[in-house]
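# What the coordinates show
Here is how the chains run, residue by residue.
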Amino acid sequence: MKADESRSDMQTSVRTLVEHSFALGPFRQRQTGRAALFTTRFGLVVLALGLATLLFPGAFAALNHNGPVTAGETGARQTNGIIIMVLGYFYFIAGRNNAEWFFAGSVLDRFAASLVAITLVITGNAPLKQVAGQIAVDILSAVYTYKLYKQDVADRQQEQK
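Below is a summary of the structure that appears in this document. (Residues numbered from 1 in each chain as written. Predicted model: local features only at pLDDT ≥ 70, side-chain atom pairs only at ≥ 80, totals over all residues. Heavy atoms only, no water.)

### Observations concerning the pattern of salt bridges
Within this structure, the stated rule accounts for 3 salt bridges. Its salt-bridge partner being Asp 155, residue Arg 34 comes within 2.7 Å of it at the nearest N-O pair. Within this pair, whereas Arg 34 is found in helix α2 (residues 34-55), its partner Asp 155 is found in helix α6 (residues 128-160), the two being separated by 121 residues in sequence. Looking at Asp 155, the relative accessible area reads 33%, which means it is partly exposed. For Glu 100, the salt bridge identified is with Arg 156, shortest N-O distance 2.7 Å. Of the two residues, Glu 100 is situated in helix α5 (residues 100-122) and Arg 156 in helix α6; the sequence distance between them amounts to 56 residues. With relative accessibility at 22%, the residue Glu 100 sits in the partly exposed group. A residue is classified by how much of its surface remains accessible, and Arg 156, at 33% relative accessible area, is partly exposed. Salt bridges linked by common partners bring Arg 34, Asp 152 and Asp 155 together as one network. (Salt bridge = Lys/Arg side-chain N within 4 Å of Asp/Glu carboxyl O. Helix = DSSP H or I, 4+ residues; strand = E, 2+ residues; numbered from the N terminus. Buried < 20%, exposed > 50% of the residue type's maximum accessible area, 1.4 Å probe, protein only.)

### Things to note about a nonpolar patch on the surface
On the surface, Ile 82, Ile 83, Val 86, Leu 87, Tyr 89 and Phe 90 cluster together into a nonpolar patch covering about 530 Å² of accessible area. Its location among the elements puts Leu 87 in helix α4 (residues 71-96). Overall, the relative accessible area of 42% leaves Leu 87 in the partly exposed class. (Patch = residues over 30% accessible without salt bridge, like charges linked within 9 Å, V, L, I, M, F, W, Y side chains within 5 Å. Areas by Shrake-Rupley, 256 points an atom, 1.4 Å probe, with all protein chains shown as cover.)

### Focus: the environment of Leu 44
Considering the arrangement of structural elements, one finds Leu 44 in helix α2. Between the C-alpha atoms of Leu 44 and Leu 87, which are 43 residues apart in sequence, the distance is 10.0 Å.

### Let's talk about the side chain of Asp 138
Summarising the element assignment, Asp 138 is placed in helix α6. Of the side chains bearing the opposite charge, Arg 110 lies closest to the buried Asp 138, which forms no salt bridge; the N-O distance is 5.7 Å. Discounting residues that sit within four places of it in the chain, Asp 138 has contacts with Arg 110, Ala 113 and Ser 114. (Lys, Arg positive; Asp, Glu negative; His and termini not counted. Contact = heavy atoms within 4.5 Å.)

### Here's the deal with the packing of α4 against α5
Two numbers describe how α4 lies on α5: the axes approach to 10 Å, and their chain directions differ by 145°. Where α4 approaches α5, its residues Phe 90, Tyr 91, Ala 94 and Gly 95 are matched on the opposing element by Phe 102, Phe 103, Ser 106, Asp 109 and Arg 110. When its residues are assigned to classes, the contact of α4 with α5 shows 5 nonpolar, 2 polar and 2 charged. (Axes fitted to C-alpha atoms, helices over the stretch in contact; angles between N-to-C directions. Nonpolar A, V, L, I, M, F, W, Y, C, P; charged D, E, K, R; others polar.)

### Some points on unusual backbone geometry
Unusually for a residue other than glycine, Asn 98 sits at a positive phi of about 50°. Along the chain, Asn 98 turns up in the loop between α4 and α5.

### As for the packing of aromatic side chains
Enumeration over the complete set of coordinates arrives at 6 aromatic pairs. With 4.9 Å between their ring centres and 75° between their planes, Phe 38 and Tyr 144 make a pair best called edge-to-face. Here the residue Phe 38 occupies a position in helix α2, and Tyr 144 occupies one in helix α6, the gap between them amounting to 106 residues. When the ring of Tyr 91 is compared with that of Phe 102, the centres are 5.0 Å apart and the planes differ by 85°; the resulting orientation is edge-to-face. Of this pair, Tyr 91 sits in helix α4 while Phe 102 sits in helix α5, and the two are 11 residues apart along the sequence. On the accessibility criterion, Tyr 91 (10% relative accessible area) is buried. Within the aromatic cluster, the residues linked to one another by ring pairs are Phe 38, Phe 42, Tyr 91, Trp 101, Phe 102 and Tyr 144. In this structure, Arg 110 is placed above the aromatic ring of Phe 42, and the distance from its NZ or CZ to the ring centre is 4.7 Å. (Phe/Tyr/Trp six-rings, centres within 6.5 Å; stacked < 30°, edge-to-face > 60°. Lys NZ or Arg CZ within 6 Å of the ring centre and 35° of its normal.)

It is worth stressing that arrangement in space is one thing and function is another; only the former is reported here.
Now the structure itself:
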């Protein structure tokens, strides 16, 4: 009896999580601004990049100038692809729900990630050619998100007057 009750409770919990995820997530759009739209699209790009990394780990190793992927590295690269997909999903959901706190945090974390990557280059732990693309994307997307967010705030202030 207890096992059946436990299984039933778990099924109910999973069903509730799925229903709430879709009710609050991709299928419900709030009033959004420029930053939300950009974050939604950025999330889709990151999600696609994660999926591509998961499915084709060797192709992205070649793009990063790492050489051929060994059997032991394939699993690690595929795990990275899954992590990237999850991050892309977070960006997508935050954009769809106009999560302004997320926009501010993402600007800061993209600059922080760039500083970490630059530190790795300076200390000799990563070649510049390996992290240059990530640094460029992080800095440019952070600046662009900040610019769009400031425009959204200015628009709201103008509407209130």
